[in-house]
Amino acid sequence: MSLAEQTAAVAGGFWQDSAKTGLRSWIFSTDHKRIGLLYLYSVLGFFLVGVVLGLLLRLELMAPGATIVTAKTYNALFTVHGVVMIFLFIIPGIPASFGNLVMPIQIGARDVSFPRLNLFSWWLYATGALVVLASLFSGGGAPDTGWTFYVPFSARTGTNVSLAVFGVFILGFSSILTGINFVTTIHRLRAEGMSWGRLPLFVWSLYATAWVQILATPIIAITLVMVIAERTLGLGLFDPGRGGDPVMFQHLFWIYSHPAVYIMILPAMGVISEIIPVFSRKPIFGYKMIAVSSVAIAAAGSLVWGHHMYTSGMSDTAVMVFSFLTFIVAIPSAIKVFNWVSTLYKGSISLEAPMLFALSFILLFSIGGLSGLILGAAATDVHVHDTHFVVGHFHYVMFGGTGFAFFAAAHYWLPKFYGRRYREKPALLGWAIMFVGFNILYFTMQVLGMQGMPRRYYDYLPEFARLNLVATVGSWILAVGLVIVVLNLWRGLFRGEPFTGNPWGGATLEWSIATPPPTENFEEDPVVTHGPYDFKGAGVP
Amino acid sequence: MFLTSWETRVKMLTVSRRGALGAALALLLLRGIALAQPGGEAHKHQEPIASGVQVGLDERLGAKIPLDLVFRDETGRSRRLDELITGPTIILPVYYGCTNACNYLQGGLARVLPAIRPVPGADYRVLSISFDETETPEQAARSRKMYLAAMKDGFPEAGWRFLTGDAAGIRRLTEAAGYRFQRRGADFMHPVASFVVAGDGMIVRYLYGTHFLAKDLTLALVEARQGRIGTTISKVVGYCFSFDPASRSYQFNLLRVSATVVILCCGAFLTFLIITGRSGKRRSTGEK
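Residues numbered from 1 in each chain as written. Chains lettered and ligands numbered in written order. Predicted model: local features only at pLDDT ≥ 70, side-chain atom pairs only at ≥ 80, totals over all residues. Heavy atoms only, no water.

Undergrad: Is there a simple way to think about the pattern of salt bridges in this case?
TA: Opposite charge on two side chains permits them to pair, given that their charged atoms come into close proximity. Residue and element names in this part refer to chain A. Under the counting rule described, the total for this entry stands at 20 salt bridges over all chains. Across the salt bridge formed by D31 and K33, the nearest N and O atoms sit 3.0 Å from each other. In this structure D31 comes out as buried when scored by relative accessible area, which is 0%. Looking at K33, the relative accessible area reads 0%, which means it is buried. (Salt bridge = Lys/Arg side-chain N within 4 Å of Asp/Glu carboxyl O. Buried < 20%, exposed > 50% of the residue type's maximum accessible area, 1.4 Å probe, protein only.)

Quick look at the structure:
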């Protein structure tokens, strides 16, 4: 009996209630919960692949010179690490997995508006992922351009860029369709009484994210088609010798890819906004401002792409405008952080695993966000551009932010869907080791960057050796923490103690239904009479 | 610069800055023709270039040509430019005694004008203006007769005027347009280019070379009409095409159009969702 079958046998709910059986009951299911779990397993699998590649990168950088791989292999490693982590893990990570699992229940719906489209989105994701994986082992081998696919190199390299880019193109459509589905669901399928002012903040963040997915993703699709056309037809779109413009690629790429950063971080912020009040036993502080700031981040974040290009030859005016707009984005981000901290104030804080991950999110995201301002200011950016400072900053925001929020969400919601829970002590131990390893690894990277160590080089000057060794040791500590966390979750969810009722004390709708949720989520259509953080109204002690 | 005697006769010279490509193309064209002349290379000799004004074209897009200038029309009657330029106008700086490039330029235009949709006289007008102050209205009238006859299908006389003027007026006009030419004996060295002005004399586009594309000409006229009431379709066309300085032609602006389509679709989608509101029908997922 497989683990899933064992779980179904004990857990009941949507695990059992399917007309199909075996693998077909999953890969052809239109149940948002099953699709959410499909995404979860997929993204978690790719996350672990990305982690292994990241560890190899750090191992190579442990000492100067060629340590374990050649320069060319190193180029391929950091490219594939980036592509896998960005496009296969972190973009679909929280919205597609936890969004699918939780959002329809949180708004009182039985499913998303377009369940078949939802399944089709997952199939597109799986197809895109397979194409990306195929590109690693076919043609000229794994791409070596970096995940940004910058021209002119991406137009000329003999590696298998075209196939990888085509895979990302397909993944983009998956993202757009999920966005359309979520926006429609949130507008159309809210339960009676679920007004916009009663939407859980996780739903608000998914709503803002979905609009970014819909508006920005077509641009990367067009851009990637242009790269393929450049490589196969030699159109000269980005070749200045033939009237093209390589900087145009950078504009087009970042017009999508910077908003994509908000596709990654906004749902994470939504998760934190759910967990903080529940584990503080206190209504969230500044509900409206947090909701509005999600939309504000999505809007302002779509106008700041040029801050990736200060050294690419833009006009001084453009640099100043983009720099100013970048600072504007810090405002709604800070609003969220201050509101979370205010929620904690005088709360009855319970330091369980989801809360610890959420609290560390606030710290790590703040470090990442503030280091982002150093990069957003044109003068300081020129100093640290293309150094390890950027790598450190990015990982603070993406891993320290979204990654930790992903694990916060996993510890918070997955027991609800499995009907079993993980063990608390290993979870805390794993979190602590992760937190320590994370900071050793990425803070050291930021220091290295300030000292001038460039990114994307497999070798470096001897003066960087000591800190690189420290960072590599940090990566091992982080990996140990990750293994503990993932194994504890895995074991707990399939073989752990039963998880029933509402042990966290949440006031949102998912905590009002059976565990695991039934296939149709609600026995009867709910009528919402209280806000998402109105614990008294929900009758939560 | 070394030029064949034949090339010198047709007065082609490279032009500086933005006019370089159009003039260089014309130079290549004429050089090809020159080499095809029997013994063309044999007559090659160095032609000294007079000092003074350097031949060339400085694009002054957005600048206005003085409309108070007075030129003579084909009948010898004095006409202020603001009498003739009342809407989009194509101005061809030429001289009627020119034996080559100016003929190609006007001939190229005569070939394409019948093919474009805007109506001559009503939607636009053409002005050939001689920069040779010694030329007379009679010469202008001969040119007019020739090109109108070439167009056969009744191009209105008022649609294409052929002007001559005095040296001062010519200088003011050409300087305002950034058009620099030089007299060489009885002939001239000059860029092969024309330009389109709006009704208020503002230069909206330069057109290079002797070969006109109907699309480019039409779009330049559409551009010149902006600010005045134009047809909806021409506004849409003007929005979808933009001038590409590199190719010196109007190109379909894929990015602008696709971005607009995406935004309009998203706007319509959001409007639909807001108008229809929450669905009254609770959806059952049916078989999973």
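Undergrad: I'm lost on the interface of chain A and chain B in this one. Help?
TA: In many reports, interface size means the accessible area that the parts give up when they come together. The partner chain B presents 19 residues to the 33 residues of chain A that form the contact. Approximately 2,300 Å² of surface area, both sides summed, lies buried where chain A meets chain B, with 62% of it carried by carbon and sulfur atoms. If you sort the residues of chain A by the area they bury against chain B, H187, R188 and W211 of chain A come out on top, with a joint share of 24%. Summed over the shared surface of chain A and chain B, the result is 0 salt bridges. The interface formed by chain A and chain B holds 3 residue pairs in polar contact (both at pLDDT 80 or more) in total. Mapped by element, the contributors of at least two residues to the side of chain A that touches chain B are α7 (161–188), α8 (201–233) and α9 (246–280) of chain A. Of the residues contributing to the side of chain A that touches chain B, the split by class is 16 nonpolar, 8 polar and 9 charged. (Contact = heavy atoms within 4.5 Å. Buried area = accessible area lost by both parts, 1.4 Å probe. Polar contact = N/O pair within 3.5 Å; in protein donor to acceptor, adjacent residues only side chain to side chain. Helix = DSSP H or I, 4+ residues; strand = E, 2+ residues; numbered from the N terminus. Nonpolar A, V, L, I, M, F, W, Y, C, P; charged D, E, K, R; others polar.)

Undergrad: Explain the sheet that holds strand β6 (residues 160–163) of chain B here, please?
TA: Strand pairs in the sheet, formed through backbone hydrogen bonds, run parallel or antiparallel to each other. Residues and elements named next belong to chain B. Across the sheet, 5 strands lie side by side as β6-β5-β4-β10-β11; this open sheet has mixed pairing. Edge strands, defined here as strands with exactly one partner in the open sheet, are β6 and β11 (203–208). Within this sheet the neighbouring strands show an average axis-to-axis angle of 20°, counted without direction. Where strand β4 (residues 89–94) lies against strand β5 (residues 125–130), 6 bridges are found, and the strand directions are parallel. By the bridge assignment, L92 is partnered in β5 with S128. Helix-sheet contacts for helix α7 (residues 214–225) involve β4, β10 (193–197) and β11, and the interaxial angle to β11 is about 165°. (Pairing = 2+ DSSP bridges. Axes fitted to C-alpha atoms, helices over the stretch in contact; angles between N-to-C directions.)

Undergrad: Explain the confidence of the model for chain A here, please?
TA: One rule of thumb: low pLDDT means the predicted coordinates there are not for detailed reading. On average, residues of chain A score 92 in pLDDT, and 98% of them reach the 70 mark or higher. Element-level mean pLDDT values for chain A span from 53 in helix α1 (residues 3–11) of chain A up to 97 in helix α15 (residues 424–451) of chain A. (pLDDT = per-residue confidence, 0-100.)

Undergrad: Would you explain a nonpolar patch on the surface in this entry?
TA: Residue and element names in this part refer to chain A. On the surface, F28, F120 and W123 cluster together into a nonpolar patch covering about 280 Å² of accessible area. Relative to the helices and strands, F120 is located in helix α5 (residues 115–137). Accessibility expressed as a relative area gives 43% for F120, which makes it partly exposed. (Patch = residues over 30% accessible without salt bridge, like charges linked within 9 Å, V, L, I, M, F, W, Y side chains within 5 Å. Areas by Shrake-Rupley, 256 points an atom, 1.4 Å probe, with all protein chains shown as cover.)

Undergrad: Explanation requested: the environment of I86 of chain A in the structure shown.
TA: Residue and element names in this part refer to chain A. Structurally, I86 is set in helix α4 (residues 71–106). Placed 446 residues apart in sequence, I86 and P532 show a C-alpha to C-alpha distance of 31 Å. With sequence-adjacent residues up to four places away left out, I86 is seen in contact with I91, P92, W147, M264 and F394.

Undergrad: What is the right way to read the packing of α4 of chain A against α8 of chain A from this model?
TA: Relative orientation and spacing of two packed helices are given, respectively, by the angle between their axes and the distance between those axes. All names here are of chain A. The geometry of α4 relative to α8 is characterised by a closest axis approach of 10 Å and an angle of 130° between their N-to-C directions. It follows from the interaxial angle that α4 and α8 lie oblique. Crossing geometry of α4 relative to α8 is assigned as left-handed. Residues I94, P95, F98, G99, V102, M103 and Q106 of α4 pack against F202, V203 and L206 of α8. Tallied by class, the residues present in the contact of α4 with α8 amount to 8 nonpolar, 2 polar and no charged. (Parallel < 35°, antiparallel > 145°, perpendicular 65-115°, else oblique. Left-handed = near helix turned anticlockwise from the far one by under 90°.)

Undergrad: Hey, could you run me through the nonpolar core in this one?
TA: It is characteristic of soluble globular proteins that their nonpolar side chains tend to be buried jointly. Within the largest apolar cluster, 179 residues are counted, with the highest numbers of intra-cluster contacts made by F87, F98, F361, F407 and W413 of chain A. With 21 residues, α4 of chain A is the single largest residue contributor to this core. Once residues within four sequence positions are removed from consideration, F87 of chain A is found in contact with G82, P92, Y125, W147, F149, V168, L171 and Y256 of chain A. Membership of the second largest hydrophobic core comes to 62 residues, among which are L84, F181, A198 and Y250 of chain B. (Core = buried A, V, L, I, M, F, W, Y, C linked by side-chain atoms within 4.5 Å.)

Undergrad: Mind showing me how you'd approach the confidence of the model for chain B here?
TA: Residues and elements named next belong to chain B. Looking at chain B as a whole, the pLDDT averages 76, with 73% of positions reaching at least 70. Confidence drops under a pLDDT of 50 for residues 1–51, and excluding neighbours within four residues, the segment shows 85 contacts in the predicted structure. Both scores are given for the predicted complex: the pTM is 0.77, the ipTM 0.77.

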